[in-house]
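Now for the letters of each chain:
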Amino acid sequence: MKDFALLALLCVIFSCFKDNVLYAQTCKEKAEIMQEQALERAVLKELYYSLGGNDWIRNDNWLSENPVEEWYGVTRDCNNGKLRLQLEANSLKGILPSSIFRLKTLVALDLSNNIIMGEIPEAIGECVSLERFCLVNNQLTGRIPEELTRLKNLRYVVLTNNHLEGPLPSDWSGMKKLCVLGVGFNQINGNIPESLGNAEALMELMLHSNLFEGNIPVSLGKLKELRYLSLSNNRLTGKFPGVLFTLPELIYLSVNNNHLSGTLSSEIGKAKRLEEINFNENRLRGKIPKGFWELDHLRHISLERNKLSGVLPTSIGNLKSLMMLELRDNRFSGKLPKEIGKLKHLRLLSISYNKFSGNLPNEIGNLINLNHLSVRANRFYGNLPKMLGQLTQLSCADFSMNRFNGEIPEEIGHWKDIQFLHFGDNSFHGCIPTVIGNLVKLKVLGFEDNHLDGCLPIGLGKLQKLIYLNVANNRFSGTVSDSLFCLPALRELRIERNLLELTLEQKKLQRKNDEYLLLPQKTRKKKN
C-alpha cells in the first residue's frame, strides 16, 4: 500500500514538472514570436523610409499599429507565420536596406518595376527562409553576391533588366531547389559557371543579353527538368553541346547573336518536345541533320545569318505545327519542296539571301495563314504561281532580286491586308495589274528593274497610306497622274529611267540627275 502511495506521489510530481516545462517552452516560444514580430515591424519601417514610402502609389496601413500583415503588399501564412513582401510597380525609389534580409520569416521578396538602386546586400545570405527573390526592371548595380547561393530554399531568382555586372557566383551546387534563374538584360560577364549543372531542379535558365563568354558548359546537360534555356545576345563561342538536345523536357532554346561555330549535332533529333529554336546570327555551317525535320512539336525555327547549307528535304512537311520558318542569309540551295504546302499553320516564311532555285511550287498557295513571305535574293525563276492569290492574310511579300518572269498575276488583288510588296529586280513584263488600286493598306511598293511597260495605273492614286513607290528602270510611258502627287503619306516616288512624261510642276520636284522625286511633307489643316 505504501508503495502504491509513493508511486502516485511521483506521478503527481512528474506531471507538475512536465506542465511547468511545457509552460516554460510556450512562454519562450511566445517571447520569440513577439521578438520576431517586433523585428519585422522595425525592418519594414526602415524599408519604408529607405525607399520613399510617402511617395508610393499604395502605402495603406504602413507605419500604423495594425499587424504588419495588414500593411499593403505584406502577407503572412497563418500556418507557419512566414511573410511575403510584394510591392511591384509601386514607385519605390532608393537603396535597398540590408536589414530586410535579416528577417528569418521572409519567404518572398518581389519589388519588381520600381527604381531600386545600389548593390544587392551581402546580408542576403542571412535570409535563410527566402524562396522567391524578384527585382525585375530596377537599377541595381554591382555583382550578384556569392552569399545568394547559400540560400538552400531559393526556388525563384529573377533580376532581369538591371545594371548588374561582374561574373555570376561561382558555386551553385547547393541550390537543389532552384527552379528559375533569370538575369537577362544586364552586363554580367565571365564564363557561365559549370556548377549551374548541379542545380538539378532548374526549369528555366535565362542568361540572355549579357556579356557572357567562353563555351557553353556541357554540365548543363544534367538539368533534366530544364524547359527554357535562353543564352542569346552574349559572346559565347565554340560548338553548341549536343548533349543539351537530349534534355527530355526542353521546349524553348535560344542562343542567337553569339559566336557559336561548327555544325549542329545529330543529337538534335532527340529534342522531341522542342517547340522553339533560335540560332540566328552565329557561325554555324554544314547541313541540318535529318532528325531535325522529324521534330513535329516545332513551332518556331530561326536559323538566320549563319553559313548553313544543303537542300530542304521533303520531310519538312512533317512539321505540321510550324508557324515560323526563318532561314534568311545562309547557303541553302536546290528547289523549295512542294511539301512545304503541308505547313497549314505557317505564318512567316523567310528564305531570303540563299541559293534556292527553280519555280516557286504551286503548293505554297496552301499556306492560307501566311502573313509574311520573303524569297528575296535567290535564284528562283519562272512565273509566279496564281495560287498565291489564296494567301489572303499576307501583310508582307517580297519577291525581289530573283529571275522571275512573265506577268505579275491579277490574283494579287486578293491581298487586301498587304502593306509591303516588292517585285523589283526580276524580269517581269507586261503592265502593272489594275487591281493594285484595291490594295489600300499598301505602304511600300516596288516594281523597279524589270521589263514592265504601259501606263502607270490610275489606281495607284487611291493608295492613301503609300509612303514609298519605286517603278524605276522599266519601260513605262505616258503621263504621271497628279493623284500620285496628292497622296497624303507619299514621301518618295522613284520613276527615273522610263519613258514617262512629267508636267512642269512635276518636274520641279525632280532631284539632281533625275534620281528620284522627293515629295515635300504635307501639312494638314487642324480640325476646328
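Structure first, text after, so check above.
In this report, we go over the structure that sits alongside the text. (Residues numbered from 1 in each chain as written. Predicted model: local features only at pLDDT ≥ 70, side-chain atom pairs only at ≥ 80, totals over all residues. Heavy atoms only, no water.)

For the rest of this paragraph, the subject is the overall build of the protein. Scanning the protein from terminus to terminus reveals three helices and 38 strands. Taken over 528 residues, the protein has a buried fraction of 49%. Total accessible area computed for the protein in this model is approximately 25300 Å², and 50% of it derives from carbon and sulfur atoms. (Helix = DSSP H or I, 4+ residues; strand = E, 2+ residues; numbered from the N terminus. Buried < 20%, exposed > 50% of the residue type's maximum accessible area, 1.4 Å probe, protein only. Areas by Shrake-Rupley, 256 points an atom, 1.4 Å probe, with all protein chains shown as cover.)

With that settled, the discussion passes to the pairing of strand β29 (residues 403–406). Because side chains alternate across β29, one face comprises the buried residues Phe404 and Gly406, and the other comprises Arg403 and Asn405, none of which is buried. Pairing of strand β27 (residues 379–382) with β29 involves two bridges; the strand directions are parallel. Looking at β29, one finds that glycine 382 is bridged to phenylalanine 404. The sheet contact formed by β29 and strand β31 (residues 427–430) spans two bridges and is parallel. Within β31, the residue paired with asparagine 405 across the bridge is serine 427. (Pairing = 2+ DSSP bridges.)

The next subject is the pairing of strand β2 (residues 83–86). Here β2 shows one buried face, formed by Leu83 and Leu85, and one open face, formed by Arg84 and Gln86. Sheet topology places strand β1 (residues 74–76) next to β2; three bridges connect them, and they run antiparallel. Bridge pairing in β2 links arginine 76 to leucine 83. The antiparallel pairing of β1 with β2 creates a hairpin that spans six residues between the two strands, and glycine 81 there sits at a positive phi of about 75 degrees. Note: β2 against strand β4 (residues 106–110), four bridges, orientation parallel. Across the sheet, the residue bridging to leucine 85 is leucine 109, located in β4.

So, on to the pattern of salt bridges. As enumerated under the stated definition, the model contains 16 salt bridges in all. Salt-bridge contacts for aspartate 60 lead to arginine 58; the nearest nitrogen and oxygen are separated by 2.9 Å. The class for arginine 58 is partly exposed, based on a relative accessible area of 36%. Among the salt bridges present, the one from arginine 305 reaches aspartate 329, with a minimum N-O distance of 3.7 Å. (Salt bridge = Lys/Arg side-chain N within 4 Å of Asp/Glu carboxyl O.)

Grouped together as the largest cluster of nonpolar side chains are 140 residues, with contacts concentrated most on Leu85, Phe133, Phe279, Phe399, Trp415 and Leu421. The set of elements that each furnish at least two residues to this core consists of α1 (2–50), β2, β4 and α2 (482–485). If one sorts the elements of this core by residue count, α1 sits on top with four residues. Leaving out residues up to four positions away in the same chain, tryptophan 415 has contacts with Leu388, Gly389, Leu391, Leu394, Ala397, Phe399, Leu421 and Leu439. (Core = buried A, V, L, I, M, F, W, Y, C linked by side-chain atoms within 4.5 Å. Contact = heavy atoms within 4.5 Å.)

With that out of the way, let us pick up the side chain of asparagine 280. Secondary-structure assignment places asparagine 280 in the loop between β18 (276–278) and β19 (283–287). When its relative accessible area of 9% is taken as the criterion, asparagine 280 is described as buried. Ignoring sequence-local partners within four residues, the contact set of asparagine 280 consists of Asn256, Asn257, Ser302, Leu303, Glu304, Asn306 and Glu326.

Inspection of the entire model under this criterion finds 20 aromatic pairs. For the pair phenylalanine 240 and phenylalanine 245, a centre-to-centre distance of 5.0 Å together with 45 degrees between the ring planes defines the contact as tilted. Residue classification places phenylalanine 245 among the buried positions, given a relative accessible area of 1%. Ring centres 6.3 Å apart and planes at 10 degrees place the aromatic pair phenylalanine 356 and phenylalanine 380 in the stacked group. Highlighted residues: phenylalanine 356 in strand β25 (residues 355–358) and phenylalanine 380 in strand β27, separated in sequence by 24 residues. Put simply, the rings of Phe332, Phe356, Phe380, Phe399, Phe404, Trp415, Phe423, Phe428 and Phe447 pair up and form one aromatic cluster. Sitting above the plane of the tyrosine 156 ring, arginine 132 keeps its charged end 4.0 Å from the centroid. (Phe/Tyr/Trp six-rings, centres within 6.5 Å; stacked < 30°, edge-to-face > 60°. Lys NZ or Arg CZ within 6 Å of the ring centre and 35° of its normal.)

Looking at where leucine 159 falls in the secondary structure, it is placed in the loop between β8 (156–158) and β9 (163–166). Classification of leucine 159 by relative accessible area gives buried; the value is 0%. For leucine 159 and glycine 184, which are 25 residues apart along the polypeptide, the C-alpha to C-alpha distance reads 7.4 Å. Sequence-distant contacts of leucine 159, defined by excluding residues within four places in its chain, comprise Ile120, Phe133, Leu135, Ile144, Leu164, Gly182, Val183, Gly184 and Asn186.

All right, on to unusual backbone geometry then. Across the chain, the bulk of peptide bonds are trans and the bulk of non-glycine residues have phi less than zero. Non-glycine residue aspartate 449 carries a positive phi angle of around 55 degrees. For aspartate 449, the position within the fold is in the loop between β32 (444–446) and β33 (451–454). Of note in the backbone geometry, asparagine 473 takes a positive phi value of approximately 60 degrees without being a glycine. A residue is classified by how much of its surface remains accessible, and asparagine 473, at 31% relative accessible area, is partly exposed.

Relative to the elements of secondary structure, lysine 45 occurs in helix α1. Distance from lysine 45 to serine 64, taken between C-alpha atoms, is 9.9 Å for residues 19 residues apart in sequence. If near-sequence neighbours (up to four positions away) are discounted, lysine 45 is found in contact with Leu63 and Trp71.

Turning to the environment of leucine 244, a few remarks are in order. The topology assignment puts leucine 244 in the loop between β15 (235–239) and β16 (252–254). Given a relative accessible area of 1%, leucine 244 falls into the buried group. Distance in space between the C-alpha atoms of leucine 244 and leucine 223 is 8.8 Å, their sequence separation being 21 residues. Those residues within four positions of leucine 244 in sequence are excluded, and the remaining contacts are Ile216, Leu220, Gly221, Leu229 and Leu250.

So, about a positive patch on the surface. Together, Arg283, Lys307, Arg331, Lys355, Arg379 and Arg403 make up a region of like positive charge exposed at the surface. Along the chain, arginine 331 falls in strand β23 (residues 331–335). (Patch = residues over 30% accessible without salt bridge, like charges linked within 9 Å, V, L, I, M, F, W, Y side chains within 5 Å. Lys, Arg positive; Asp, Glu negative; His and termini not counted. Charge placed at Lys NZ, Arg CZ, Asp CG, Glu CD.)

Everything listed here is a matter of coordinates, which is why it stays silent on function.
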